[in-house]
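The residues making up each chain are set out below.
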Amino acid sequence: MDLAKNRDVAASDTVPATAKDSAPEAVSGAERPTPLLDVRDVSVEFPTAGRDWVTSVQNVSFQLMPGESMALVGESGSGKTVTSLAVMGLTEATGGRLSSGSVTFDGNELTGRPAKEWRKVRGPGMGMIFQQPIRSLNPAYTVGDQIAESVRKHLGLSRRQAEAKSVEMLEMVQIPRAAERAKEYPHAFSGGMCQRVMIAMVMACNPRLLIADEPTTALDVTVQETILDLLRDVQQQTGVALLFISHDLAVVAEICQRVAVMYAGEVIESAPAVDLFFRPQHPYSSGLLASIPRPGLSVDRRLRTIPGGIPAPGTWPAGCRFAPRCEFAQSGRCDTTHPPLDVVSTGGLSRCLRADELALDGVVT
Amino acid sequence: MSLLEVKDVTKSFSTKRDFLGRRIGWTHAVKGVSFTLDAGECLAVVGESGAGKSTVGRIALRLIEPDSGSITFDGVDVRAARAQELRALRQRMQMIFQDPHSSLDPRMTIGDAVAEPLLVHTDRSRTERERQSAALLERVGLGSRYLGRYPAELSGGQLQRVAIARALALNPAMIVCDEPVAALDVSVRAQVLNLLRELQEDLGLAYLFVCHDLALVEVIADRVLVMAAGEVVEEGTVEQIFAAPQQEYTQRLLSAIPVPLPRDAMGNRITSIGERA
Amino acid sequence: MTEQEVDPRFPDPGDTPVGEVPGPDAEPELPTRPGILRSILRRRSTVVAAVFILLLIVVALAAPLLAPYDPTEQDLLIRLQGPSGAHWLGTDDYGRDALSRLIYGSRVSLWAGLQATGVALILGLPLGVLAGFYGRWLNVLLTRIMDAMMSTPSLVLAITIVAVLGGGITNAMLAIGLVMTPRFFRVARAGTMDVRHETYIEASIALGCSTWRTAVRHILPNVLPPIVLVISVSLGTAVSAEASLSFLGLGVVEPTPSWGSMLKTASSNMSLAPYLVWPPGIMIFLTVLAFTYLGDGVRRALTRSRSGRQD
Amino acid sequence: MLRYAGRRLLAAIPLLFVVPLLVFILIDRAPGDQAVVLAGENPTPERIASIREQLGLDDPLIVRYFDWVVHAIRGDLGTSLLSDQRVIDLLLRRMATTMSLVLVAMVMAVLVGAVLAILSAMRPGGFFDRFINWAASVAIAIPAFWFGLVLASLFAVTYQIFPPFGYQPMSEGFGTWLSYLVLPGIALGLLPAAEVALQLRSALGQVLKTDYVLNAEAKGLSRPTIVMKHGLKNAAIPVITVLGFRVAEVLAGSVTIEIVYNMPGLGQLAVDSVQNRDIPVLLGFVLFSTIVVVLVNLLVDISYGYFNPKVRS
């Protein structure tokens, strides 16, 4: 195992950030627990209208320890959802293809394995909940059926046992009158309730990894709060690891210990949440933090902005992909050299050439 | 006198139909809502989904016909206006929609879209219209080189700027903004909000700003109307609402806004980097 | 430029629009809008279909010049003769030349298709847009009526009309057209209702467009591509229906040649002259197929070029 | 559920009255004296008078119509002008033939069409998928009665695998019954089969792109389970709608097929009645067709309740 490369991935919170870059060899394979999920150099392509393929995620690597919660943060087109689908092995199912990299789950490399083996991992190994909970449930079957379906397939329960299990799971996600509601169809549930059902469905198979793709984006703020609370509870009770995909750093702060920020198809910064929020090492992270509107904190009623727009896949600039929008960019340097994801002074990883020269603003307190 | 005065409007919709297609099962979308909007002022209407806030915005323009109540715009009774008069009124009250990708006709160029209000309401020549739409595009921060583009070629933020340019074409006194930044990315959202703010200051526009995100409201609004289940829950200036919300519902909305401060292992918020050690 | 701070160190920020970093495809020129015709001609199947239909029209118009014999001229001495140098496709039970009848038959088929489809289009399209746009009771009422019409077996209605009004192709085709009306209605209505809920329709109302302008400028262009497909499919259906009626002896009146009546002759002489079955059937088949492919090609081209997208 | 079905039935019943009314209006509007026209060549005055009397042509349209309706409800559809047999008897005697033909054709269409569509959807864009798509769109262009002629000339005349013409009732044995129906059934079923294949494939294509199918993938379900369980039930709705309308067309198509295969069904009866202007028989045929269509549409409506739980509530 290439340990130098291993550093790319900021270790979990338990490892002091500063200790890492000084002596990576000190962290021997024996002491260091095997990561639950190891994503290495994953690139994903999608077909365009012509016959070309355009890269939408490039060389993304990260690791997730058992029980850890980590966020992939980015705006539209950053590749965060594509990355999460690649982890689930659903790239082909969504029309794309994996052009490089590997996904290792619980010590088993899954990349290149036949679909059949992926299907054994999806469910009992890892499960996923989506942005549109209402659309993620099949309108033609009762929610109980849809939960029971998973457990019958993966845990081999009988029909009756599966029914009991689905009611139990609905109770776990705090749906009142669970036994009755299991017999209802998805259209009788609100968005927040559907997301609870989704969580129940995924957790029914006792997965070790839960991937949540913008699980609260389509919901009202008050409902968002309850779903985040529920996810935290579920994590505490079951010890499931959480890969949380979001565009909203404020939501991420509620639930994640570690954050990887994505921009234009690559990870541009990865650090423990505390570091990322208080001393970001990439101008984009800093800009994102500044554009979060917060009651009572907007100076002269203007939001700070990041100029320009997000480049679409296929139109990424040659140098630093953020350079055309970056107030700190230097011509001849930032617009020509594509920066590597490197360890910076805080111990995190940043894809900014000037990370150690700049003192970027963190979140305002 | 206020620019817009909405008094006691009520609107119910029905979702079910019987087998002859008659509507049954009425639900109230908006119940007895009243408010005023002064010239040059921004009134935010906030609430969660189903609160009826979008319906209120559309009723103000009579895009939705209310069941009862009155709407007065600049002294004119909007509800009594006939089709012709209503079209004339609509020169002065415009609207910007939530989804920029569907608020422009995909088969119309950007230039034609921005010039459409001029074509419909004025008798300006084609060249004059083109010149004007180019100027409008410049005004919202887009170059005139976008004139011949189709909406599919633009990003969400750019399209929302086009929609703003179109709304400005006839020098309106009021613009109803229906969640204008909800569909935009965080980094682009701030740009559009700031543009709206700047246009308001320069042109003295009044905004009826429909929004689900209370956090944004503070940046743009002068006054806030909090709605729930079709009714007004609380009304006040931005300062009142944020500093001293009177109603429990408003307090809940405010406290549910996620705070971008990470939590420690105990679930407590960390407010500075020092606390970690 | 409104609030963007342009870094002077960067080349060409001059016209950089706020909200977008210029990509390689963001050229300042007007996008070249592919001409409809060019777009149509890009698909080979569409071209082949179009050429076939064109040829068919030419053959129909120039039938007297092209046909080697008078299609109604009987010669009982050469009844039911197989294909030969003198009669390429053989002769029927009255000794008439099958090729000449086939050539003249194209007139009946095309004319029948045109009549029936015309009726259906003229009734169905406006009613569909009206029902979809206006909605409410009108929508319910018209939809109910159209559903009932759609449930009427077309041939049964045509037969009834022939029974009552007498033979001849025009009445029958009006009937077929009537039965096909709901297809146009449904597609026009569905297309209208699809865009009716698009925000840009609401936007056009909000900025003060008249109902007429909204319907014609914003709704109709979205309804047309699927309608083109329905037109072509309906032309095919009508050609088939005419053939069925004439086959039953309820369409064209003898001795007028039509593909359907030729098949009637073929069916009663099947054991003696099996070769008669093929040419008219293949012509009907190819005509219907060509209409379908042409319509599909035009629809694709319309969808592509009108939305300004490259695809 | 029952209440729902009852409501749909109630909504469909008017059709039974409206369609015959249209025929009455048509007859009324026809040029010339109906009785003279109907009596055929060289009629005797008595014959004209008896037809006039039989059709009640001296009464106003609405009276004639209501008279017919009242009798029809009692099961009396009048007597044939041609053979003096009761119309209801004529219909009943021939109904089995036509219904057998339509049934065989529809069953074949649904089975073949559905199987092809499902197999295509297993591997979208694969060779089989593209081939079926092409084959089905070509098949739609083939006129049914010509296809019937070709099948008959090939498999019944040239290679005598199937009996060429006619019909044997099921009482002669299931095999015999079926052997007479294979060729006409295929001829009549080809078009709806191709349509079902195309429609269901396209509906499945839509459904397989939905979030809930992606969710099913994420649950680790197998491809066949996803297509058959999560895909089919939702994709069936638009297909069934089309199928409902298609039955009317198949019924119409059975007329030509019956002529081609010389089957003693309702189609022949209808064509004879038209050629001889036998109005009571024609009206009976129209009523029968309408009843079948109404019943089928009722079935379609009820099946919505199964496929789409939202409808039930």
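If you're wondering where the values come from, they're calculated on a predicted model, not measured in any experiment.

Calculation rules
Along every chain, residues carry numbers that run from 1 in the direction the sequence is written. Numbering of ligands from 1 and lettering of chains from A proceed in the order in which they are written. Reporting of local features is limited, given that this is a predicted model, to residues whose pLDDT is at least 70; pairs of side-chain atoms are given and counted only at 80 or more, and all residues count toward the totals for whole chains, interfaces and linings. Remark: hydrogens and water are excluded; side-chain values derive from all non-hydrogen atoms of the structure. Numbering of helices and strands runs from the N terminus, with a helix taken as a DSSP run of H or I at least four residues long and a strand as a DSSP run of E at least two residues long. Only protein chains enter the accessibility calculation, which uses a 1.4 Å probe; a residue is then buried when its area is under 20% of its type maximum, exposed when over 50%, and partly exposed in between. Note on areas: Shrake-Rupley with a 1.4 Å probe; residue coverage comes only from the protein chains shown. Restricting the calculation to C-alpha atoms gives the radius of gyration, and the globule rule supplies 2.2 Å times the number of residues raised to the power 0.38. We call two residues contacting when some pair of their heavy atoms lies within 4.5 Å. Salt bridges are defined by distance alone: a side-chain nitrogen of Lys or Arg within 4 Å of a carboxyl oxygen of Asp or Glu. A score between 0 and 100, pLDDT records how confident the predictor is in each residue. What gets called buried area is simply the loss in accessible area from a 1.4 Å probe that two parts show on being joined, summed for both. Whenever two N or O atoms come within 3.5 Å, that pair is a polar contact, provided that in protein one can donate a hydrogen and the other can accept it, and provided that, for residues adjacent in sequence, both atoms are side-chain atoms. Polar here means any residue other than Ala, Val, Leu, Ile, Met, Phe, Trp, Tyr, Cys and Pro, which are nonpolar, and Asp, Glu, Lys and Arg, which are charged; Gly is therefore polar. Note on pairing: two strands pair once DSSP finds at least 2 bridges between them. Interaxial angle, 0 to 180 degrees, is taken between N-to-C directions of lines fitted to C-alpha atoms, where a helix line uses only the stretch in contact. Roughly parallel means an angle under 35 degrees; roughly antiparallel means over 145; roughly perpendicular covers 65 to 115; every other angle is labelled oblique. Handedness of a crossing is defined here by the sense of rotation of the near helix relative to the far one, left-handed for an anticlockwise turn of less than a right angle and right-handed for a clockwise turn. For the purposes of this section, nonpolar cores are sets of buried Ala, Val, Leu, Ile, Met, Phe, Trp, Tyr and Cys residues that join through side-chain atoms within 4.5 Å. Each domain's extent is set by a domain assignment, obtained either automatically or from a database. Given a helix with a known number of residues, its expected span is that number minus one, times 1.5 Å. Patch membership requires more than 30% relative accessible area and the absence of a salt bridge. Residues of like charge join within 9 Å; the nonpolar side chains Val, Leu, Ile, Met, Phe, Trp and Tyr join within 5 Å. In summary, the pairing rule links any two rings of Phe, Tyr or Trp, Trp by its six-membered ring, whose centres are within 6.5 Å, and it sorts them by plane angle into stacked for under 30 degrees, edge-to-face for over 60 and tilted for everything else. Definition used: whenever NZ (Lys) or CZ (Arg) falls within 6 Å of the ring centre and also within 35 degrees of the ring normal, the charge is taken to sit over that ring.

Peer 1: I tried to follow the overall build of chain A on my own but got confused; where do I start?
Peer 2: Helix and strand counts for chain A stand at 13 helices and twelve strands. Taking all 365 residues of chain A together, the buried fraction comes to 58%. Summed over all atoms, the accessible surface of chain A reaches about 13,700 Å², with 50% contributed by carbon and sulfur.

Peer 1: Help me understand the overall build of chain B, please; the structure alone is not making it clear to me.
Peer 2: Regarding its fold elements, chain B presents nine helices and ten strands. At 21 Å, chain B has a C-alpha radius of gyration in line with the 19 Å of a compact globule built from 277 residues. For chain B, buried positions account for 60% of its 277 residues. When contacts within chain B are restricted to residue pairs at least 6 apart in sequence, long-range pairs at least 24 apart make up 65% of them. As displayed, chain B offers around 10,600 Å² of accessible surface, 47% of which is attributable to carbon and sulfur atoms.

Peer 1: So what exactly am I meant to see when it comes to the pattern of salt bridges here?
Peer 2: All names here are of chain A. Going through the model one piece at a time under the given rule, you end up with 48 salt bridges over all chains. With a shortest N-O distance of 3.3 Å, Arg321 and Glu266 are connected by a salt bridge. You can see Arg321 sitting in the loop between α13 (283-290) and β11 (342-343) and its partner Glu266 sitting in strand β10 (residues 266-272), a full 55 residues away along the chain. Across the pair, Glu266 and Arg321 agree in class, each one buried.

Peer 1: Can you walk me through the confidence of the model for chain A in this structure?
Peer 2: The predicted coordinates of low-pLDDT regions are not to be read in fine detail. For chain A, the mean per-residue pLDDT works out to 88, and 90% of the residues sit at or above 70. The element-level mean pLDDT for chain A is lowest in helix α1 (residues 3-6) of chain A, coming to 38, with strand β7 (residues 209-213) of chain A highest at 97.

Peer 1: Teacher, can you tell me more about the interface of chain A and chain B here?
Peer 2: Put simply, an interface is often sized by how much accessible area is lost when its parts join up. Contacts between chain A and chain B engage 42 residues on the former and 39 residues on the latter. Across the chain A to chain B interface the summed buried area is about 3,600 Å²; carbon plus sulfur atoms make up 57%. Taken together, the links from chain A to chain B amount to two salt bridges. When the shortest N-O distance is used, the salt bridge between B:Arg269 and A:Glu254 registers 3.0 Å. Between chain A and chain B we count ten residue pairs in polar contact (both at pLDDT 80 or more) in total. For the side of chain A that touches chain B, a count of residues per class yields 19 nonpolar, ten polar and 13 charged.

Peer 1: Would you take a moment to explain the sheet that holds strand β4 (residues 97-105) of chain A for this structure?
Peer 2: In sheet architecture, strand pairing relies on hydrogen bonds along the backbone and comes in two forms, parallel and antiparallel. Residue and element names in this part refer to chain A. Read across the open sheet, the four strands follow the order β2-β1-β4-β5; overall the sheet is antiparallel. In this open sheet, the two strands that pair with only one neighbour each are β2 (53-64) and β5 (108-109). Here strand β1 (residues 37-47) pairs with β4 via seven bridges, running antiparallel. Within β4, the residue paired with Asp38 across the bridge is Thr104.

Peer 1: Would you explain the sheet that holds strand β6 (residues 93-96) of chain B in this entry?
Peer 2: Residue and element names in this part refer to chain B. Spatially, six strands are ordered β6-β7-β8-β3-β9-β10 in an open sheet, and the strand pairing comes out mixed. The outermost strands of the open sheet, each flanked by one partner alone, are β6 and β10 (231-237). For this sheet, the mean angle separating the axes of adjacent strands, direction not counted, is 15°. For strand β3 (residues 42-46) and strand β9 (residues 223-228), the ladder comprises four bridges, and the chain directions are parallel. Its bridge partner being in β9, Leu43 is matched across the sheet by Arg223. Those strands touched by helix α9 (residues 248-256) are β9 and β10, and its axis lies near 100° from that of β9.

Peer 1: Explanation requested: the packing of helix α6 (residues 127-139) of chain D against helix α8 (residues 174-207) of chain D in the structure shown.
Peer 2: How two helices pack is summed up by the angle between their axes together with the distance between the axes. Residue and element names in this part refer to chain D. Contact pair α6 / α8: the axes reach a minimum separation of 9 Å and the direction vectors enclose 140°. By the angle between their directions, the pair α6 and α8 is classed as oblique. Pair α6 / α8 crosses with left-handed handedness. Where α6 abuts α8, its residues Asp129, Asn133, Ala136, Ser137 and Ala139 lie against Leu190, Ala194, Leu198 and Arg201. Residue composition of the contact of α6 with α8, grouped by class: five nonpolar, two polar and two charged.

Peer 1: I would appreciate a short explanation of the nonpolar core in the present structure.
Peer 2: Generally speaking, nonpolar side chains in soluble globular proteins are found buried as a group. Residues C:Ile159, C:Leu245, C:Leu248, D:Trp68, D:Leu77 and D:Tyr261 are the most contacted members of the largest nonpolar core, which totals 154 residues. Looking at which domains feed residues into this core, each of domain 1 (2-73) and domain 2 (94-312) of chain D supplies at least three. When sequence neighbours within four positions are dropped, the list of residues in contact with D:Tyr261 reads D:Gly148, D:Leu151, D:Ala152, D:Pro164, D:Phe165, D:Gly166, D:Leu183 and D:Pro184. If you look at the next biggest cluster of nonpolar residues, it comprises 109 residues, including A:Met88, A:Met126, A:Leu242 and A:Val363.

Peer 1: Would you take a moment to explain helix α6 (residues 143-155) of chain A for this structure?
Peer 2: Owing to its 3.6 residues per turn, the α-helix aligns residues three or four sequence positions apart on the same side. Taking 1.5 Å per residue as the helical rise, α6(A) with its 13 residues ought to reach 18 Å, and the 18 Å between its terminal C-alpha atoms agrees with that figure. Within α6(A), the full set of buried residues consists of A:Val143, A:Gly144, A:Gln146, A:Ile147, A:Ala148, A:Glu149, A:Ser150, A:Val151 and A:His154.

Peer 1: Help me out: how do you make sense of a nonpolar patch on the surface in this one?
Peer 2: On the surface, a nonpolar cluster with roughly 610 Å² of combined accessible area is contributed by C:Trp278, C:Ile282, C:Leu286, D:Leu154, D:Phe155, D:Tyr159 and D:Ile161. Of all the secondary-structure elements, those providing two or more residues to the nonpolar patch are α11 (278-306) of chain C together with α7 (144-158) of chain D. With respect to the element layout, C:Trp278 can be found in helix α11.

Peer 1: What is the right way to read the interface of chain C and chain D from this model?
Peer 2: Across the boundary between the two partners, chain C contributes 37 residues, which contact 39 residues of chain D. Roughly 3,500 Å² is buried in total at the junction of chain C and chain D, and carbon and sulfur atoms are behind 79% of that figure. When the area that chain C buries against chain D is broken down by residue, the three leading residues are C:Val164, C:Met270 and C:Phe285, summing to 16%. Our count for the contact surface shared by chain C and chain D stands at zero salt bridges. Where chain C touches chain D, the interface holds one residue pair in polar contact (both at pLDDT 80 or more). Mapped by element, the contributors of at least two residues to the side of chain C that touches chain D are α5 (136-150), α6 (154-165), α9 (211-247), α10 (259-268) and α11 of chain C. Top contributing element to the side of chain C that touches chain D by residue count: α6(C), with ten residues. Each residue belonging to the side of chain C that touches chain D can be placed in one class, and the counts come to 25 nonpolar, ten polar and two charged.

Peer 1: Please clarify how unusual backbone geometry should be interpreted in this entry.
Peer 2: Leaving glycine aside, a negative phi is the common case for residues, and trans is the common case for peptide bonds. Residues and elements named next belong to chain B. Positive phi, normally seen in glycine, also occurs at Arg62, with a value near 60°. Within the chain, Ala229 stands out as a residue other than glycine whose phi angle is a positive 50°. Its location among the elements puts Ala229 in the loop between β9 and β10. For Ala229, a relative accessible area of 57% translates into the label exposed.

Peer 1: How should I be thinking about the side chain of A:Gln281 in this particular structure?
Peer 2: Residues and elements named next belong to chain A. One can find Gln281 in the loop between α12 (273-278) and α13. By relative accessible area, Gln281 is classed as buried at 8%. Of the polar contacts made by the side chain of Gln281, one reaches the backbone oxygen of Arg279; its length is 3.1 Å. Once you skip the residues sitting within four places of it in the chain, Gln281 turns out to touch Glu269, Val344, Ser345, Thr346, Ser350, Cys352, Ala355, Asp356 and Leu360.

Peer 1: Hey, could you run me through the packing of α6(C) against helix α7 (residues 169-196) of chain C in this one?
Peer 2: All names here are of chain C. Across the interface, α6 lies against α7 with an axial gap of 9 Å and an inter-helix angle of 150°. Read as a crossing pair, α6 and α7 show a hand that is right-handed. In this structure, α6 uses Ser154, Leu157, Ala158, Ile161, Val162 and Leu165 to contact α7, whose residues at the interface are Asn171, Ala172, Ala175, Ile176 and Val179. Counted by class, the contact of α6 with α7 contains nine nonpolar, two polar and no charged residues.

Peer 1: What am I meant to see in the packing of aromatic side chains here?
Peer 2: For any pair of aromatic rings, the description rests on two quantities: the centre-to-centre distance and the angle between the ring planes. A full pass over the atoms with the stated rule returns 13 aromatic pairs over all chains. With a centroid separation of 6.4 Å and an interplanar angle of 80°, the aromatic rings of C:Tyr134 and C:Trp137 are classed as edge-to-face. Given the relative accessible area of 38%, C:Tyr134 is considered partly exposed. Taken together, the aromatic side chains of D:Phe24, D:Tyr65, D:Phe66 and D:Trp68 make up a single cluster linked through ring pairs. When the ring centre of A:Phe189 is taken as origin, the NZ or CZ atom of A:Arg181, which lies over that ring, is 4.1 Å away.

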